[in-house]
Amino acid sequence: MDKLAIIGGRPLYGIVPISGAKNSALKLMAASLLTDEELVLENVPRLADVDMLLRLLNQHGAQSSFEDATLRLHAKDIISTVAPYDLVRKMRASFNVLGPLLAREGKAKVSLPGGCAIGARPVDLHLKALTAMGAKIDLDEGYVIAEAPDGLQGADIAFPFVSVGATEHVMLAAVLADGETKISNAACEPEIVDLADCLNAMGAKISGAGTASINIVGVDRLAGVTHRVLPDRIETGAYAMAVGAAGGELTLANADIDLLGAALPVLEKAGLSFEKTNEGVRVKTTRDRSLAVDIETKPYPGIATDLQAMFTAMMATADGVSHVKETIFENRFMHAPELGRMGAKISVDGQTATVTGVARLKGAPVMATDLRASMSLIIAALGAEGQTMVNRVYHLDRGFERLEEKLAECGALIERVSE
Ligand code: UD1
C-alpha cells in the first residue's frame, strides 16, 4: 500500500493547475447512459473514482476512450442493466446509474452504494423520488431492483432536506420521463448547474438549476454533445488552505473562486488573500499565522462539508480558538485524532470540533481515513516541522489528481513510497 512522505515547513510557490471537478465529472459520466450517441467530456480528472465509474459504464455497454482529460463515452446499446456490488461498493456516485438505466431501459438492478466512511449516508430520498416517478422498487440481498416497464412519469418531488446526490439522481431520471417533474428544496451546488447545462445541451428541458426549485420537462430522446467539466472547487480550496498552513503564494490555474461560496470570505478572514488573474486565482497569506475563525458546514452556497477537514487542519496552527461545526454528516471528524498525533489540540463534542491553535505541528505517522480527511493530513504535514508519513494514500488517489506532482512542483518535499 502506498504512503506519502512529507517534510514540512517549506512555503509553497508556483502554479497549480486545478483539475475538473470530480463530483461533477462522475454525474456527467452517468448521463452518458441516457443517449445512444457519443458524449464527450473535457477537463475530466484522471482519478481512481473516475476509473471505477468508467469500468461500471463499460460493463453496461458504454464504449470509452480517455486521453488528455477528454473522456469519450458512447452507450450505443445498453448490454447490462445490472450494476454489481464490486463496482458500486467503493463509490457512492456509482449509484446514480440507477436513474438513467431505469429511464432508458425500464429496469435496473443496482447494488446499494459504499463510498467514504463518513456516516450512514442512506439513499432513501433517491428511492422515494424514483418511486414517486412510477418505479416499482424492491430491495433484495443488498441490491435495489427497480422496474418501470411503461417508463417513468414526471412527479412533484419535495425533499425534506437538501441532498446533492438525490437532486442529481432525479434530474438524471426525469429528463426522459413522461411529463413534468418539479423538485423543491433542491441542492444548489455548482455541480448541479454543470449537470443541467450538459443535459440541456443534450436536448433536455431543465430550468431553475442552481436554485431550490428545479423544473424538468421530459423529452423523448437526448443527443450526444461535447461538454467541459467545471473546475474543482474542493481542490481549489485545498490548495488555498495548503498555502494557509505552509505559507507562500500559489497561482491556481483554471480555478474559479466564485465557486467557493461562503468559504471564500471565511478563508479571507483567516488570513488568505485571493486575486483573480487571467490564468485563474492567485492566493497568498497576509499573516504569519492564520487567524482562528468559526465555521459551520452547510449546503451550497454555505461552506462545503468537503472542505471541513482541511479547514480544521488549517485552524490547528491558527492564532486563537475556532469552532468547526459539521451539519451534513454525523461522523466526519476522523481526522481529529490523526491531527492530534501531530500535536493539534482538537476536542470533538457531537457535531462540533473545538480547535485550539498551536504555533507549530510536528510530523508523525498518520492514517488517512477518507478522501477529504486525507487531504487535511497533507495540509497539516506541509506546515509541520519534520517528516509526516501518511498511510493509506489510496483515499487521496480517489479524488486529488497528481497530488504529489502538483505540490512538488511548488517546492513541497513530498514523495510517494510504495511498499
Ligand atoms: C454530500 C455533500 C456534498 C459532498 C459529498 C461528498 C451536501 C448537501 N452534500 O453529497 O457537498 O460533495 O457529500 O462528501 O453538503 N441523505 C439521506 N438520504 C438520502 C440521501 C442523503 O438521509 O437518500 C443525507 C445524507 O446522509 C447527508 C445529507 O442527506 O446527511 C446530504 O447528503 P447528500 O447531499 O445526498 O450526499 P452527497 O450527494 O454524497
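Residues numbered from 1 in each chain as written. Predicted model: local features only at pLDDT ≥ 70, side-chain atom pairs only at ≥ 80, totals over all residues. Heavy atoms only, no water.

A closer look at the domain arrangement of the protein
Then step 1. Examined at the domain level, the protein breaks down into domain 1 (3-19 + 231-417) and domain 2 (22-228).
Then step 2. Placing the centre of domain 1 and that of domain 2 at their C-alpha centroids yields a distance of 30 Å.
Then step 3. In this complex, domain 1 contributes 20 residues to the contact, which on the side of domain 2 involves 23 residues.
Then step 4. The contact between domain 1 and domain 2 buries some 1800 Å² in all, and 54% of this surface belongs to carbon and sulfur atoms.
Then step 5. Ranking the residues of domain 1 by area buried against domain 2 places Tyr 300, Arg 398 and Glu 401 at the top, with a combined share of 34%.
Then step 6. A salt bridge links Arg 233 to Glu 191; the shortest N-O distance between them is 2.9 Å. (Domains from an automatic or database assignment. Contact = heavy atoms within 4.5 Å. Buried area = accessible area lost by both parts, 1.4 Å probe. Salt bridge = Lys/Arg side-chain N within 4 Å of Asp/Glu carboxyl O.)

With respect to the pairing of strand S17 (residues 280-285)
Then step 1. Bridge analysis of strand S15 (residues 248-253) against S17 gives five bridges, and the strand direction is antiparallel. Bridge assignment links Leu 250 to a residue of S17, and that residue is Val 283.
Then step 2. Where strand S16 (residues 272-276) meets S17, five bridges bridge the pair, whose relative direction is antiparallel. Note that in S17 the partner of Lys 276 across the bridge is Val 281.
Then step 3. Counted between consecutive antiparallel strands, the loop separating S16 from S17 contains three residues. (Pairing = 2+ DSSP bridges. Helix = DSSP H or I, 4+ residues; strand = E, 2+ residues; numbered from the N terminus.)

Structural notes on unusual backbone geometry
Then step 1. Cis rather than trans, the peptide bond between Tyr 300 and Pro 301 has omega equal to 5°.
Then step 2. Position of Pro 301 among the secondary structure elements: in the loop between strand S18 (295-296) and helix H10 (308-315).
Then step 3. Phi at Glu 141 takes a positive value of approximately 50°, unusual for a residue other than glycine.
Then step 4. For Glu 141, a relative accessible area of 74% corresponds to the exposed category.
Then step 5. The phi angle at Arg 392 is positive, at roughly 60°, despite the residue not being glycine.
Then step 6. Overall, Arg 392 belongs to the partly exposed group, its relative accessible area being 36%. (Buried < 20%, exposed > 50% of the residue type's maximum accessible area, 1.4 Å probe, protein only.)

Topic: the pattern of salt bridges
Then step 1. Inspection of the entire model under this criterion finds 23 salt bridges.
Then step 2. The closest approach of N and O atoms between Arg 104 and Glu 105, which form a salt bridge, is 3.9 Å.
Then step 3. Given a relative accessible area of 37%, Glu 105 falls into the partly exposed group.
Then step 4. Arg 282 is paired through a salt bridge with Glu 275; the nearest N and O atoms lie 3.2 Å apart.
Then step 5. Salt bridges sharing common partners tie together Asp 2, Asp 397, Glu 404 and Arg 416.

Here we look at the packing of aromatic side chains
Then step 1. Inspection of every chain in the model, using the stated rule, returns zero aromatic pairs.
Then step 2. When the ring centre of Tyr 143 is taken as reference, the NZ or CZ atom of Lys 109 above it lies at 4.9 Å. (Phe/Tyr/Trp six-rings, centres within 6.5 Å; stacked < 30°, edge-to-face > 60°. Lys NZ or Arg CZ within 6 Å of the ring centre and 35° of its normal.)

Side note on the packing of helix H1 (residues 22-31) against helix H7 (residues 190-201)
Then step 1. At a closest axis distance of 9 Å, the pairing of H1 and H7 adopts a crossing angle of 30°. Here H1 is positioned roughly parallel relative to H7, judged by the angle of their axes. Once H1 is placed against H7, the crossing between them reads as right-handed. Side by side, H1 and H7 meet where Asn 23, Ser 24, Lys 27, Leu 28 and Ala 31 of the first sit next to Glu 191, Asp 194, Leu 195, Cys 198 and Leu 199 of the second. (Axes fitted to C-alpha atoms, helices over the stretch in contact; angles between N-to-C directions. Parallel < 35°, antiparallel > 145°, perpendicular 65-115°, else oblique. Left-handed = near helix turned anticlockwise from the far one by under 90°.)

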